[in-house]
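Spelled out from the first residue to the last, the chains are:
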Amino acid sequence: MENFRYLPGVTTLKLDTEACVGCSMCESVCPHTVFQMKGGKAEIEDIDGCMECGACAQNCPTSAIRVTPGVGCASYIIQTWIRGKKSASCSGVKCC
Amino acid sequence: MGDLIRQKKGCCSGDDCSSSSEVQSGLEPLFVETPSDEVCCGSAPGPQSSPYEKPGYKLLHFVEVFIDTPIGPVPRVKTQLERTDFLGTISARLGIQRDQYEIAPGLYCVGNPGQDSPVLVTANYKLSFDTLRRELTSLDAWILVVDTRGINVWCAAGKALFCTREVVRCVNHSMLKKVVRHHQLILPQLAATGVSAHRVKKECGFTVLWGPVRAKDIQLFIDRGGKADKSMRRVTFSVWERIVLIPVELSHLPKPTFWLLPAIFLLSGIGTNFFSFSTAFSRGLMVLAAYAAGILGGAVAAPVLLPWIPVRAFALKGMLTGIAAGIAVVAIFYSRIIWVEALVLLLIAMVISSYLAMNFTGSTPFTSPSGVEKEMRRAIPLQAAAALIALVAWVGAAFK
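Please read these numbers as outputs of a predicted model, since none were measured by experiment. (Residues numbered from 1 in each chain as written. Chains lettered and ligands numbered in written order. Predicted model: local features only at pLDDT ≥ 70, side-chain atom pairs only at ≥ 80, totals over all residues.)

**Student:** Give me the lowdown on the packing of helix 2 (residues 83–93) of chain B against helix 3 (residues 126–133) of chain B, citing residues and values where you can.
**Tutor:** Residues and elements named next belong to chain B. Where helix 2 contacts helix 3, the two axes come as close as 10 Å, and the packing angle between them is 135 degrees. Of the possible angle classes, the one that applies to helix 2 and helix 3 is oblique. Both helix 2 and helix 3 take part in a crossing whose hand is left-handed. Where helix 2 abuts helix 3, its residues D85, G88, T89 and A92 lie against K126, L127 and D130. Residue classes in the contact of helix 2 with helix 3 are distributed as 2 nonpolar, 2 polar and 3 charged. (Axes fitted to C-alpha atoms, helices over the stretch in contact; angles between N-to-C directions. Helix = DSSP H or I, 4+ residues; strand = E, 2+ residues; numbered from the N terminus. Parallel < 35°, antiparallel > 145°, perpendicular 65-115°, else oblique. Left-handed = near helix turned anticlockwise from the far one by under 90°. Contact = placed C-beta atoms within 7 Å. Nonpolar A, V, L, I, M, F, W, Y, C, P; charged D, E, K, R; others polar.)

Next comes the structure, spelled out in structure tokens:
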């Protein structure tokens, strides 16, 4: 996906290296190989590759990873602006 | 009684139709009829109902046979897709009944699986299920289909439908522990957005092994003992993967177009004679062409040319393809319009294309919500302003 780069410097991804136990789960689940294991700990290798899908945080057993996950979909975001987060739905706009 | 038998005999002509039984203790002979395919009335009868049919259930074409397991019969599915499957795929890709294209959740299998065969977990969107089973031609495996409400793996995971609780519920509900000896599930990697491996383990005792992103790698993944290399772990977005999304992008358009059309022709007819139908038609047609060019730019050209358009924000990508398409429209009507009208047509194509390309973010596998929101905060006010300018200038140009 090196051809596909989106806006840089926007992701909410944060890794607390102190809390990392080196299970490498984040490396396995990330669809953009953002993480890499170095010296028994995870490191963020490509921060701007992050699409905030939340897979890493969901699968970090020590909650060392924080990210505000969401759907990178304009029609969904428009709905959250108009109707609020709760009643916005992807199925209504069929973004994916 | 005798009459009835004779009648029946008459209906099915031929000796094989009736077989006589022995006359016992002076009773009337009983004729046990064997079915005949010969036509007596109407067309030939279809085949006898399958032994697997049950009242109130429908047997699905992709089920080959039912195999016996400790939890009862489990459907073995075909690994070759058939005409019906391809037609279903096409219609889902066109956005027709895409919301109802689902299969019943639960346990299925391919080949001749046993207690040690792998368990592959997938979504109950038929397209996801078909994508998986067609790759399992030389594998004995169980397929656990979880209830994602007919939504594909990644989107369902993003919506918390393909989630820890649902996987645990399905494992327990299907009584998987009675079917396999090992306690391992292979989940598609993209389900990780919704499923937490360590919580699945805690809640039902099954270890989650993250399979590859694409079903086509599953065979190799299993052959390598559950190891995925980098390429199996990364999403792709090839030209073909983008092209198949275009029909669904277009399928969102008829509704807004229905409301835009009358407005376009109404506004185009306003002029020095207050309103003229002929002007409404001739000028409306130009706007319609610019609108169509915008659609072509934003919902077709931008997705196809995505990585080659040298800007990152989708609204800008769409703007560029929209300008290109708009120039073509202006070139067509060049001799009949003044420069203001030319600019308006260009603006319309640009705005529509920019807006549609921005909406394509939802269909891509790499745009972050933070990024999309950032570009939208800038793009939407500009798009709205441009649309307003176009509207005023178009009506104004009629009073030249």
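**Student:** Which residues make up unusual backbone geometry, and what values go with them?
**Tutor:** Of note in this structure, E52 of chain A is not a glycine but carries a positive phi near 55 degrees. Owing to 24 C-beta atoms within 10 Å, E52 of chain A belongs among the buried residues under this scheme. (Buried ≥ 20, exposed ≤ 12 C-beta atoms within 10 Å, placed from the backbone.)

**Student:** Hey, could you go over the interface of chain B and chain A for me, with residue numbers and the actual values?
**Tutor:** Taken together, the contacts link 39 residues of chain B with 36 residues of chain A. The set of elements that each furnish at least two residues to the side of chain B that touches chain A consists of helix 4 (153–158), helix 6 (197–204), helix 8 (230–233), helix 14 (339–359) and helix 15 (369–397) of chain B. Considering every element that reaches the side of chain B that touches chain A, the biggest residue donor is helix 15 of chain B, with 8 residues. Its residues assigned to classes, the side of chain B that touches chain A comprises 16 nonpolar, 15 polar and 8 charged.

**Student:** So what's going on with the nonpolar core? Which residues, and what values?
**Tutor:** By size, the foremost hydrophobic cluster in this structure holds 76 residues, and its most contacted members are C56 of chain A together with I143 and V195 of chain B. The element best represented in this core is strand 7 (residues 141–146) of chain B, accounting for 6 residues. Here C56 of chain A is in contact with C26, V29, C30, F35, I65 and V67 of chain A, once residues within four sequence places are set aside. One finds A74 of chain A together with A293, M350 and M358 of chain B within the second-largest nonpolar core, a separate group that totals 45 residues. (Core = buried A, V, L, I, M, F, W, Y, C linked by C-beta atoms within 7 Å.)

**Student:** Now, about the environment of V179 of chain B: what can you tell me, with residues and values included?
**Tutor:** As for its position among the elements, V179 of chain B is in the loop between helix 5 (164–173) and strand 8 (184–187). Expressed as a C-alpha distance, the spacing of V179 of chain B and A349 of chain B, which sit 170 residues apart in the sequence, is 59 Å.

**Student:** With reference to specific residues and values, describe the pairing of strand 2 (residues 35–38) of chain A.
**Tutor:** Summarising the sheet, strand 2 of chain A and strand 3 (residues 41–44) of chain A pair through 4 bridges and their orientation is antiparallel. From the neighbouring strand, K38 of chain A faces strand 3 of chain A, where its bridge partner is K41 of chain A. (Pairing = 2+ DSSP bridges.)

**Student:** I'd like to hear about the confidence of the model for chain A, residue by residue, with values.
**Tutor:** When pLDDT is averaged along chain A, the result is 86; 84% of the residues meet or exceed 70. Across residues 91–96 of chain A, where pLDDT falls below 50, the model places 17 contacts with residues more than four positions away in sequence or in other chains. (pLDDT = per-residue confidence, 0-100.)

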